[in-house]
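# Structural overview
Single-letter residue listing:
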Amino acid sequence: MKAYLYDNLPGDQRLPHDSGRAIDADALSRLGVLYYRFPNIQDVDKLAADRGYKNRDEVTVSPEKMGEAYEEKVKMFFHEHLHEDEEIRYIKGGQGFFDVRSKDDEWVRVRLEKDDLLILPAGIYHRFTTDEENFVYAMRLFKDEPKWTPLNRSRYLDANSFREQYVKQFLAG
Ligand code: KMT
Ligand code: NI
């Protein structure tokens, strides 16, 4: 895992866009974003059990796997959105970037690779992209049925109760 402020320069979303301003795991946790390095699948099983996550699936995001739909999918993942649930992702291969909004509404880019697990709290605005290698193999953990309806950012969404709860818990003050 490596986290830093996004440079906001034009160019492909899959480029690093590293501003050179590093963000540590502590700062991520103050946004409610929790990072774990789990080389051992048993550690994932334990975290899932502790948090009441009963189900999981695996997804490969790559042109080989997705064919023509790949570019469209990657663009879709990169639309800024939130969920009314936690999003837990465990990377089993390849790399990817989760961008999350900081307290000042700047993008913090979190680069994940094999054995990295990330928890995004409900209500945080975020987006995802593969990197230049165009390959990520990830496990998605969920409590019941998979339901990660992406709610795209808008000023109306700021009144969503999950968004309000997130703001109150992590951004207020
Ligand atoms: C998401 O939530 O954007 C995804 O599931 C992307 C693939 S998992 C790294
Ligand atoms: Ni999401």
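Residues numbered from 1 in each chain as written. Chains lettered and ligands numbered in written order. Predicted model: local features only at pLDDT ≥ 70, side-chain atom pairs only at ≥ 80, totals over all residues. Heavy atoms only, no water.

### Topic: the site of ligand 1
Around ligand 1 sit F77, E87, R89, F128, A138 and R140, and those are all the residues in its vicinity. Interatomic distance of 2.5 Å between a side-chain N/O atom of E87 and an oxygen atom of ligand 1. Between ligand 1 and the protein, one listed contact pairs an oxygen atom with a side-chain N or O atom of R89 at 3.1 Å. Bound to the protein, ligand 1 loses 96% of the 290 Å² it would expose on its own. Counting atoms within 2 Å of the grid points, the majority share of ligand 1 lands in the largest pocket. Of all the secondary-structure elements, those providing two or more residues to the shell around ligand 1 are β6 (87-101) and β10 (136-142). (Near = heavy atom within 4 Å. Polar contact = N/O pair within 3.5 Å; in protein donor to acceptor, adjacent residues only side chain to side chain. Areas by Shrake-Rupley, 256 points an atom, 1.4 Å probe, with all protein chains shown as cover. 1 Å grid on protein atoms, 1.4 Å probe; cavity = no way out; pocket = protein on both sides within 12 Å on 5 of 7 lines; lining within 4 Å. Sits in = over half its atoms within 2 Å of the grid points. Helix = DSSP H or I, 4+ residues; strand = E, 2+ residues; numbered from the N terminus.)

### Considerations on unusual backbone geometry
Trans is the prevailing form of peptide bonds, just as negative phi is the prevailing case for residues other than glycine. The backbone of H17 shows a phi angle near 50°, a positive value even though the residue is not glycine. Considering the arrangement of structural elements, one finds H17 in the loop between β1 (2-6) and β2 (18-22). The exposure class of H17 is buried, given its relative accessible area of 5%. Phi angles above zero are rare outside glycine, and N134 is one such case at about 55°. (Buried < 20%, exposed > 50% of the residue type's maximum accessible area, 1.4 Å probe, protein only.)

### Here we look at helix α2 (residues 41-51)
What α2 keeps buried is the set V44, L47 and A48. The arc that holds every buried residue of α2, seen down its axis, measures 100°, which confines them to one face. Exposed and oriented more than 90 degrees from the buried face of α2 are Q42, K46, A49 and D50. Lining the buried residues of α2 we find β3 (34-37), β4 (55-61), β6, β8 (116-120) and β10. (Arc of directions from axis to C-beta. Contact = heavy atoms within 4.5 Å.)

### Topic: the nonpolar core
One finds V33, V61, V100, V108, V110, L118 and L120 to be the most contacted residues of the largest nonpolar core, which totals 24 residues. Contributing elements (two or more residues each) for this core: β1, β4, α4 (69-77), β6, β7 (107-113), β8, β10 and α5 (161-171). Other than its neighbours up to four places away in sequence, L118 contacts V33, L34, Y35, E87, I88, R89, F98, V110 and L112. Core analysis: the next-biggest nonpolar cluster, separate from the first, contains eleven residues, V44, Y53, I119 and L141 among them. (Core = buried A, V, L, I, M, F, W, Y, C linked by side-chain atoms within 4.5 Å.)

### A word on the coordination of the nickel ion (ligand 2)
At 2.0 to 2.3 Å from the nickel ion (ligand 2) lie its protein donor atoms, namely H81 (NE2), H83 (NE2), E87 (OE) and H126 (NE2). Seen from the nickel ion (ligand 2), its four donor atoms lie at angles of 74 to 163°, and the figure they make is irregular. If you list the donors of the nickel ion (ligand 2) from N- to C-terminus, the spacing comes out as H-x1-H-x3-E-x38-H. The exposure class assigned to H83 is buried, which follows from its relative accessible area of 5%. (Donors = N, O, S within 2.8 Å, 3.2 Å for Na, K, Ca; no water. Tetrahedral: all angles 85-135°; square planar, octahedral: opposite > 155°, others 65-115°.)

### Side note on the UniProt feature "binding site: Ni(2+)" (unreviewed entry) in the protein
Summarizing the sequence annotation, UniProt attributes the feature "binding site: Ni(2+)" (unreviewed entry) to H81, H83, E87 and H126 in the numbering used throughout. Judged by maximum C-alpha separation, these annotated positions cover 46 residues in sequence but sit close together in space, the widest gap being only 11.8 Å. From the set just named, the residues that line the largest pocket comprise H81, H83, E87 and H126. With respect to the helices and strands, H81 occurs in strand β5 (residues 81-82). (UniProt positions renumbered as here; feature names shortened; annotations may be inferred.)

### Describing the layout of surface pockets
Estimates place the volume of the largest pocket at around 440 Å³. Every residue lining the largest pocket is counted, 22 residues in all, and those nearest its centre are M76, F77, E87, R89 and R140. Mapped by element, the contributors of at least two residues to the lining of the largest pocket are β4, α4, β6, β9 (126-130) and β10. Among the elements that make up the lining of the largest pocket, the one with the highest residue count is β6 (four residues). Tallied by class, the residues present in the lining of the largest pocket amount to twelve nonpolar, five polar and five charged. (Points joined across faces, edges and corners; volume = space filled by probe spheres on them. Nonpolar A, V, L, I, M, F, W, Y, C, P; charged D, E, K, R; others polar.)

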